[in-house]
Amino acid sequence: MTTRKTVAAVAAALTLSTLTCLPAQAAAPAVADGEQATPIVIGHRGASGYRPEHTLAAYKLAIKQGAAYIEPDLVSTRDGVLVARHENEISGTTDVADRPEFADRQTTKVIDGDPVTGWFTEDFTYAELKTLNAKERLPQVRPDNTAFDGELKVPTFDQVLELARKRGVGVYPETKHPTYFDSIGLSLEEPLVAALQAHDLDDAEDEVIIQSFEVANLVELDQVVDVDIAQLVSSSGAPYDQVAAGTGVTYASMLTPAGIEAIAAYADGIGANKDLVLPRTGGATTTPSALVDDAHAAGLVVHVWTLRRENQFMATNFRVGTDRNAPGDMYAETQAFLDAGVDGVFSDNPDIASAALADWLG
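Residues numbered from 1 in each chain as written. Predicted model: local features only at pLDDT ≥ 70, side-chain atom pairs only at ≥ 80, totals over all residues. Heavy atoms only, no water.

### Concerning the pattern of salt bridges
Applying the stated criterion to the full structure yields 13 salt bridges. In this structure, R137 and E53 form a salt bridge, with 3.0 Å as the shortest nitrogen-oxygen distance. Taken together, the residues R137 in the loop between α3 (126-129) and α4 (157-167) and E53 in the loop between β1 (40-43) and α2 (56-64) connect sequence positions 84 residues apart. Between E333 and K274 there is a salt bridge whose closest N-O contact spans 2.7 Å. Residue E333 is found in helix α12 (residues 330-339), and its partner K274 is found in the loop between β11 (269-273) and β12 (280-281); the two are separated by 59 residues along the sequence. Summarising the burial analysis for this pair, E333 and K274 share the class buried. The network of salt bridges with shared partners includes R142, R308, E310 and D348. (Salt bridge = Lys/Arg side-chain N within 4 Å of Asp/Glu carboxyl O. Helix = DSSP H or I, 4+ residues; strand = E, 2+ residues; numbered from the N terminus. Buried < 20%, exposed > 50% of the residue type's maximum accessible area, 1.4 Å probe, protein only.)

### Here we look at the pairing of strand β6 (residues 114-118)
With 5 bridges joining them, strand β5 (residues 107-111) and β6 adopt antiparallel strand pairing. Along β6, the bridge assignment pairs T107 with G118. What sits between β5 and β6 in their antiparallel hairpin is a turn of 2 residues, with D112 showing a positive phi close to 50 degrees. (Pairing = 2+ DSSP bridges.)

### Let's talk about the pairing of β1
Remember that side chains alternate between the two faces of the sheet whenever the strand is regular. Of the two faces of β1, both are covered, the one formed by I40 and I42 as well as the one formed by V41 and G43. Pairing between β1 and strand β2 (residues 69-70): 2 bridges, direction parallel. Bridged to G43 within β2 is I70.

### Considering the side chain of R45
Looking at the secondary structure, you find R45 in the loop between β1 and α2. By relative accessible area, R45 is classed as buried at 6%. In terms of polar contacts, R45 uses its side chain to reach the side chain of E53, at 3.0 Å. Beyond its immediate sequence surroundings of up to four residues, R45 is in contact with E53, H54, A58, Y59, E71, D73, H86, R137 and R308. (Polar contact = N/O pair within 3.5 Å; in protein donor to acceptor, adjacent residues only side chain to side chain. Contact = heavy atoms within 4.5 Å.)

### Structural notes on the nonpolar core
Formed by 84 residues in total, the largest nonpolar core has its most connected members in I70, F157, L196, I210, I270 and V277. If you tally residues by element for this core, the top one is α4, at 5 residues. Beyond its immediate chain neighbours, meaning those up to four positions away, L196 contacts F157, L161, L201, D202, V208, I210 and V227. With 9 residues, the next largest nonpolar core counts I42, A230, W305 and F346 among its residues. (Core = buried A, V, L, I, M, F, W, Y, C linked by side-chain atoms within 4.5 Å.)

### Concerning the packing of aromatic side chains
Overall, the coordinates contain 6 aromatic pairs when judged by the stated rule. Plain terms: the ring middles of F213 and Y251 are 6.4 Å apart, the flat faces sit at 70 degrees to each other, and that makes the pair edge-to-face. Linking F213 in the loop between β9 (209-212) and α7 (216-222) with Y251 in helix α9 (residues 251-254), this pair joins segments that are 38 residues apart in sequence. By relative accessible area, Y251 is classed as buried at 5%. Ring plane angle 90 degrees and centroid distance 5.6 Å describe the contact between F213 and W305, whose orientation is recorded as edge-to-face. Of this pair, F213 sits in the loop between β9 and α7 while W305 sits in strand β14 (residues 301-307); the two residues are 92 residues apart in sequence, bridging distant segments of the chain. The partly exposed category is assigned to F213, whose relative accessible area is 24%. Judged by its relative accessible area of 19%, W305 falls in the buried class. Ring-pair connections join several aromatic residues into one group, and the members of that group are Y69, Y172 and F346. Taking NZ or CZ as reference, R308 lies 5.0 Å from the ring centre of F313, over its face. (Phe/Tyr/Trp six-rings, centres within 6.5 Å; stacked < 30°, edge-to-face > 60°. Lys NZ or Arg CZ within 6 Å of the ring centre and 35° of its normal.)

### Overview of unusual backbone geometry
Cis geometry marks the peptide bond from W305 to T306; its omega dihedral reads -10 degrees. Its place among the elements puts T306 in strand β14. In this model, H54 sits at a positive phi of 55 degrees, which is unusual for a non-glycine residue. Among the structural elements, H54 can be located in the loop between β1 and α2. Of note, the phi angle at D112 is positive, near 50 degrees, even though the residue is not glycine. Relative to the helices and strands, D112 is located in the loop between β5 and β6.

### Quick look at the confidence of the model for the protein chain
For the protein chain, the mean per-residue pLDDT works out to 92, and 90% of the residues sit at or above 70. Low pLDDT, under 50, characterises residues 16-34; the predicted model gives this stretch 36 contacts beyond four residues in sequence or across chains. (pLDDT = per-residue confidence, 0-100.)

Laid out in structure tokens, this is it:
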């Protein structure tokens, strides 16, 4: 879907203090008149702290635990079916490596500039992929989740949308490696839009937010759908489409005041690594950065990722004890980010985040 013209326009807007190279913002600002909307909890890959990630069981539990949105990461099969996996390499999240009939599918590919060895969704038809069983990606960290290994399947995007409509929650899909999938003729954006239209979830009032770490695909999506758009940003590095095009745009340059204004030309929000909102010194969080205020000034909401209950994923001031895999104080961590003004949190543990939000709201 992405074109060289789009990439060039994005680079110009993100590196200069002008927005004339990007299309005018179609949607109304997500934050208006200085009034913050009620923050939301997003079930990160479902309730992935308690069930294998990106399974219907994980999404259902996230909804039960109070998540307002569920988050499917989207990759494609060989026959163009969008499925929910964090990566297109699936040996860590399915039993494909134990299936002799697929042994010859193991290969090495270059994904976003890095060599990756394993089994890839784009080398399987959906009929083949649905014979695989999902499994826990972090068995040493979350051994209780391994009880579900072999019982769950890889869901399609359509199945996730059906669940969301039935349960009355929002959907927060992420396009994974869109430049790579464009390069192999399996663009993610067209089937994503078609699925939203088929489920009547493509209007501005629908609770759908499309996110990506790349930029040009979001710019193009903003022109063809009315749902909200969120630009994902990391604490280091650069969007791969900008790397591939050699524009020099980095996540750091995107988070300058001019860069945030440029994001606001095509997006409604920023999905930020949590360290960008509460920076760390010596392992502990310090005072909030200017990111939330700058984003709100530009009419953008800020959702931070990812809040997980295990100590190893937290700043030192939220850890409890010395066991890296033991639960820390994610309740306090959630409230610290709410105090910093964020509009939502992605969490593997929606029950804790929802309880913290409810108490914070009073």
